[in-house]
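Structural characterization, general
Read off the chains here:
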Amino acid sequence: MKANEIKKGSVLQIDNQPIMIKQVQVQSPSSRSGSTLYKVKGKNIVTRQKFERSFKGDEQVETVEFVRRPVQLLYQDSDGCTFMDSETYEQFIVSKNLIEEELTYVSEGLEGMQAFISNEQVLGIELPGTVTLEIVDSAPGIKGASASARSKPATLSTGLVVQVPEYLNPGERIKINTDNGAYISRG
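If you're wondering where the values come from, they're calculated on a predicted model, not measured in any experiment.

1. Here we look at the pairing of strand 2 (residues 17-27)
- One ladder, built from 4 bridges, connects strand 1 (residues 11-14) with strand 2; its direction is antiparallel. Within the sheet, the bridge partner assigned to V11 lies in strand 2 and is M20.
- Taken together, strand 1 and the strand that follows it, strand 2, pair antiparallel across an intervening segment of 2 residues, in which D15 is found at a positive phi of about 50°.
- Taken together, the 8 bridges between strand 2 and strand 3 (residues 37-44) define a ladder with antiparallel strand orientation. Directly across from Q25, in strand 3, lies its bridge partner K39.

Spelled out as structure tokens, the structure:
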């Protein structure tokens, strides 16, 4: 596949590592003889390290053959997390350190998760764009605080700590962006 065909969500094999592409930025040449550059940002599926590289449009890149399957979290234990394929009911055990970052967004019954499976091995999971979680601990809400006012830290049901507007109270459900961990709105 050529670099100009790379899209968000693609998985590439770069330096023998599977890289999930999160963002593609096109930089046009500043001169006539220059070539268009495709700057990609992503994450190594195995090591979870961030990845950035630029490719020329006609440069060849290798893709990883994988299958995306809809999954749900069944339970967590000392061995890892057990996920169930939502269509075939097949179960997968995934090591916690492989999906450590994603676990802070995963709650029971979360819909829209996808597992990346290659050669019958789970490479990682992809979260939906937003998740709704409950605030379990924060400073009490302030009456009359406006939406554009200051924020305060709040601990959510999964242990994730995010900045929320001052008027929110424990027990309320809120939407969180899974790309950057930012508060979006009440759930």
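That covers the picture; the talk isn't over yet.
2. Some remarks on the nonpolar core
- Ranked by size, the top nonpolar core spans 30 residues in total, and within it F83, I99, M113, L156, I174 and I176 carry the most contacts.
- Not counting chain neighbours up to four residues away, the residues in contact with L156 comprise L133, E134, I135, V136, V162, I174 and I176.
- One finds A3, I14, V40 and F51 within the second-largest nonpolar core, a separate group that totals 10 residues.

3. Comments concerning the sheet that holds strand 1
- Read across the sheet, 5 strands follow the order 4-3-2-1-5 without closing on themselves; strand pairing throughout is antiparallel. Edge strands, defined here as strands with exactly one partner in the open sheet, are strand 4 (50-56) and strand 5 (62-63).
- Across 2 bridges, strand 1 lies against strand 5 in antiparallel orientation. Note that in strand 5 the partner of Q13 across the bridge is E62.

Parameters and conventions
- Residues numbered from 1 in each chain as written.
- Predicted model: local features only at pLDDT ≥ 70, side-chain atom pairs only at ≥ 80, totals over all residues.
- Heavy atoms only, no water.
- Pairing = 2+ DSSP bridges.
- Helix = DSSP H or I, 4+ residues; strand = E, 2+ residues; numbered from the N terminus.
- Core = buried A, V, L, I, M, F, W, Y, C linked by side-chain atoms within 4.5 Å.
- Buried < 20%, exposed > 50% of the residue type's maximum accessible area, 1.4 Å probe, protein only.
- Contact = heavy atoms within 4.5 Å.

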